[in-house]
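Analysis of the macromolecular model
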Amino acid sequence: MILTGGLKSLLPHVLRRIIRCNRLSVSNTSGMAEGYKQANVVILHKSLADDFEKFCHANDGPLPLLYRSKPGNWSCPSLSSGSDIRNDCLQYRIYEHGACTGSLKSLEEYSEQLKDMVTFYLGCSFSFEKAVQNAGIPIRNIEQKCNVSMYKVAVPCYNVSAFSCNLVVTMRPVPESKLEAAVLATSALKEAHGAPIHMGDPGLLGIKDLSKPDYGDPVHLHPDDVPVFWACGVTAVEAVINCRAPLAFTHSPGCMFITDLKNDNLTVRSSREVPQVRCISRDPLHYSIVSAEAAQKIKTLETLIGIDPGDRGIIHLQRQDELLKACLSISHARSVLITTGFPTHFTHEPPEENDGPPGALAIAAILQALEKEVAIVTDQRAMSLNKKIIEEAVQLGILKRPVPLLSYQRESADSALMFLCEKGNPRRPRFDHLIAIERAGMAADGNYYNARKVNIKHLVDPIDDLFLAAQTIAGVTTTGVGDGGNELGMGKVKDAVKKHIKNGDVIACDVEADFTIVAGVSNWGGYAIACALYVLNTCEIHDRYLRKAVGFPQLMKKMVWLSALPSVTKEEKLLKTLLRHGVRSGKTASLELEVDGLPFYNTHSLMIEKLL
């Protein structure tokens, strides 16, 4: 028997010959023939072959198709010379009517049946191991001399005829400081599954225990490691099981077919192809991916909305990349709760200002277009006003449909938890993300102040409770949008507010959000969020990560998303609607400025619009 030493440097045809002679005392091919492509193997009756090929193309992250043989053809000339699929894998599995009925070292005894069967060779993540090592990243399962860990996850593949299953992933621990390097090293290797589909908490994929993989061996993480998950070709095994074919064969997970093809040394050429990694949550741990090009567009948006028309010193409150991180988090959310409403005009009825509602509706519109659940929570006294505004926004074409309107009252110590979660259970939150835009925020003394230090607490419901409660619920993140430091969520920058904003020592909001977006006018922050979500969802790298590399790109919906974006025309219509209902401006300083004959407020929105 030949032991493992030196196998990584052997040429593929030599290794296949050794495997064919049954002379290896190893359980998997990880680390063998470094730099050469390895392949998953699926052998099906020819009557199923066309549908399975379509299934592969529909889920090309886990199932990158390298080669499809003709019926009864046991070689694969474009992948290897002199190969014989009946003997060239370390081990095979046989499936009958969906049940695994045994493991085999050779398929020669089934040669007659194989004459009517087609072999599919699918890319494998073992192929990218050398590229990962070249990037200075350890391969823990090779260090630990075991197979890679593979898990069935709660992500359905795109179904084709009889082929349907959930995604299977491999997990490789990666030091946190090397996450972006791991993504860069693998993103161009699409025939080896490409970039990861998830980085962070395994529970977000439905994995309950990393120590109990469905296939392969448990791999132990080092203290600074993050679990990183790639789509896996063993997804095909699950599809074979579920299709219940009378007879099918696959490789045993980890026992790949080794090809003669070297991995191409692909170099990423444009900023559209360069991935960047951002942490969007620490509890649970969650990272996201975006292209450098999309990140730069969003950075430009962040700079654009940071102009300070009132010269109030908001530059001191701004934090770099908050818009990008907030929108990445919102992009991953399933259900979003928005709140707005600042009763600046406390002696007027209604006391609301017109900064906030347009931005909130712009966010709601893009969330509807992205097919996310969205609701708005506001003060009980303002329910009727907001209901009319939402109805007219639908009539004006700003919203696709009415947004559910909610109110919140503090009736007991657990009211906020009961509002945010089903039956108050923090493991079952109704919303993944909360957004406050130009919403009065509670100061350190428990009161609410406008910019002139007037206490308006009697006009404000305690919606801050929801943001405080969200801090205790894993998986719920929050964003605050403001332009003066007294808005809900600005607690993250309260020290800067107290130091640099007029009356900041009194008016500063004390309640933090996970992400704080500071804009010259809060509506601009809402418009920027809507535009940034559009940029993210039209980014191929981010789109692939969102859908976990299964199904088809969502870019076909681009025109629907584009039509949902804010525009100067929509803004003007909505501002007129607000004025008709008695809602007045709270940002007269910005409205008095003119650029090219237009109010600065509208001109700036036009700049945002043109950026896309």
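Residues numbered from 1 in each chain as written. Predicted model: local features only at pLDDT ≥ 70, side-chain atom pairs only at ≥ 80, totals over all residues. Heavy atoms only, no water.

Section: empty space enclosed by the protein
Taken as a whole and judged by the stated rule, the model has seven cavities of 30 Å³ or more. Approximately 100 Å³ is the volume found for the largest cavity. Lining the largest cavity are 13 residues, with Pro358, Ala362, Ile398, Pro566 and Lys570 sitting closest to its centre. Elements represented by at least two residues in the lining of the largest cavity include exactly α10 (357-369) and α19 (568-580). Here the residues of the lining of the largest cavity are counted per class, giving ten nonpolar, one polar and two charged. (1 Å grid on protein atoms, 1.4 Å probe; cavity = no way out; pocket = protein on both sides within 12 Å on 5 of 7 lines; lining within 4 Å. Points joined across faces, edges and corners; volume = space filled by probe spheres on them. Helix = DSSP H or I, 4+ residues; strand = E, 2+ residues; numbered from the N terminus. Nonpolar A, V, L, I, M, F, W, Y, C, P; charged D, E, K, R; others polar.)

Comments concerning helix α8 (residues 292-305)
The first and last C-alpha atoms of α8 sit 20 Å apart over 14 residues, in line with the 20 Å expected at 1.5 Å per residue. Among all positions in α8, only Ala292, Ala294, Ala295, Ile298, Leu301, Glu302, Leu304 and Ile305 are buried. (Expected span 1.5 Å × (residues − 1). Buried < 20%, exposed > 50% of the residue type's maximum accessible area, 1.4 Å probe, protein only.)

A word on the layout of surface pockets
Estimates place the volume of the largest pocket at around 1,100 Å³. Lining the largest pocket are 36 residues, and of these Ser331, His332, Ala333, Arg334 and Leu546 sit closest to its centre. Every element with two or more residues in the lining of the largest pocket is listed here: β6 (149-156), β13 (275-282), α9 (322-332) and α17 (540-546). A per-class count over the lining of the largest pocket returns 14 nonpolar, twelve polar and ten charged.

Observations concerning the side chain of Ser83
Relative to the helices and strands, Ser83 is located in the loop between β2 (65-68) and β3 (92-96). For Ser83, a relative accessible area of 7% corresponds to the buried category. The contact partners of Ser83, leaving out residues within four places of it in the chain, are Arg16, Arg20, Trp74, Ser75, Cys76, Asp88 and Phe257. (Contact = heavy atoms within 4.5 Å.)

With respect to the packing of aromatic side chains
If you walk through the whole model with that rule in mind, you get ten aromatic pairs. With centroids separated by 5.7 Å and ring planes inclined at 80°, the aromatic side chains of Tyr408 and Phe419 adopt a geometry described as edge-to-face. In this pair, Tyr408 sits in the loop between β17 (405-407) and α12 (415-420) while Phe419 sits in helix α12, placing the two residues eleven residues apart along the sequence. The buried category is assigned to Tyr408, whose relative accessible area is 2%. (Phe/Tyr/Trp six-rings, centres within 6.5 Å; stacked < 30°, edge-to-face > 60°.)

What about unusual backbone geometry?
Across the chain, the bulk of peptide bonds are trans and the bulk of non-glycine residues have phi less than zero. Of note, the bond from Asp283 into Pro284 is cis; its omega dihedral lies within 30 degrees of zero at 0°. As for its position among the elements, Pro284 is in the loop between β13 and β14 (285-291). Here the bond from Glu349 into Pro350 is cis, since omega is -5°, no more than 30 degrees from zero. Here Pro350 is to be found in the loop between β15 (335-341) and α10. Phi is positive for Asp311, close to 50°, though the residue is something other than glycine. Assignment of secondary structure puts Asp311 in the loop between α8 and α9. Despite not being glycine, Glu438 has its phi angle at roughly 45°, a positive value.

A look at the sheet that holds strand β8 (residues 198-200)
Strand order in this open sheet of seven strands is β9-β6-β7-β10-β8-β14-β13, and the pairing throughout is antiparallel. Of all the strands in the sheet, the pair left with one neighbour each is β9 (215-216) and β13. Set on the sheet, helix α6 (residues 179-187) makes contact with β7 (166-175), β8, β10 (225-231), β13 and β14; between it and β13 the angle comes to about 135°. Strands β6, β7 and β9 of the sheet are contacted by helix α7 (residues 235-243), whose axis makes an angle of about 160° with β7. (Pairing = 2+ DSSP bridges. Axes fitted to C-alpha atoms, helices over the stretch in contact; angles between N-to-C directions.)

Overview of the domain arrangement of the protein chain
Parsing the protein chain into structural domains produces domain 1 (9-124 + 244-262) and domain 2 (311-535 + 555-611). Computed over C-alpha atoms, the centres of domain 1 and domain 2 are 55 Å apart. (Domains from an automatic or database assignment.)

Let's talk about the nonpolar core
The nonpolar side chains of a soluble globular protein tend to be buried with one another. Within the largest apolar cluster, 82 residues are counted, with the highest numbers of intra-cluster contacts made by Met199, Leu323, Ile338 and Ile529. Residues in contact with Ile529, not counting those within four places in the same chain, are Leu323, Cys327, Ile330, Ile363, Val481 and Ile517. Among the nonpolar cores identified, the runner-up in size contains 47 residues, and Val42, Ala49, Met171 and Ala236 belong to it. (Core = buried A, V, L, I, M, F, W, Y, C linked by side-chain atoms within 4.5 Å.)

Side note on the confidence of the model for the protein chain
A residue-level look at the protein chain finds 93% of positions with pLDDT of 70 or above and a mean pLDDT of 92. A low-confidence stretch, residues 588-600 stays under pLDDT 50, and its non-local contacts, those more than four residues away or across chains, total 19 contacts. (pLDDT = per-residue confidence, 0-100.)

Examining the pattern of salt bridges
Applying the stated criterion across every chain yields a total of 29 salt bridges. For Glu176, the salt bridge identified is with Arg282, shortest N-O distance 2.9 Å. Of the two residues, Glu176 is situated in the loop between β7 and α6 and Arg282 in strand β13; the sequence distance between them amounts to 106 residues. The partly exposed category is assigned to Glu176, whose relative accessible area is 32%. (Salt bridge = Lys/Arg side-chain N within 4 Å of Asp/Glu carboxyl O.)

Structural notes on the sheet that holds β15
On the basis of which strands lie adjacent, the open sheet formed by six strands has the order β17-β16-β15-β18-β19-β20 and parallel pairing. Each of the sheet's edge strands pairs with one partner strand only, and the pair in question is β17 and β20 (515-518). In this sheet, neighbouring strand axes are inclined to one another by 25° on average, regardless of whether the strands run parallel or antiparallel. Bridge count between strand β16 (residues 373-378) and β17: three bridges; the pairing is parallel.

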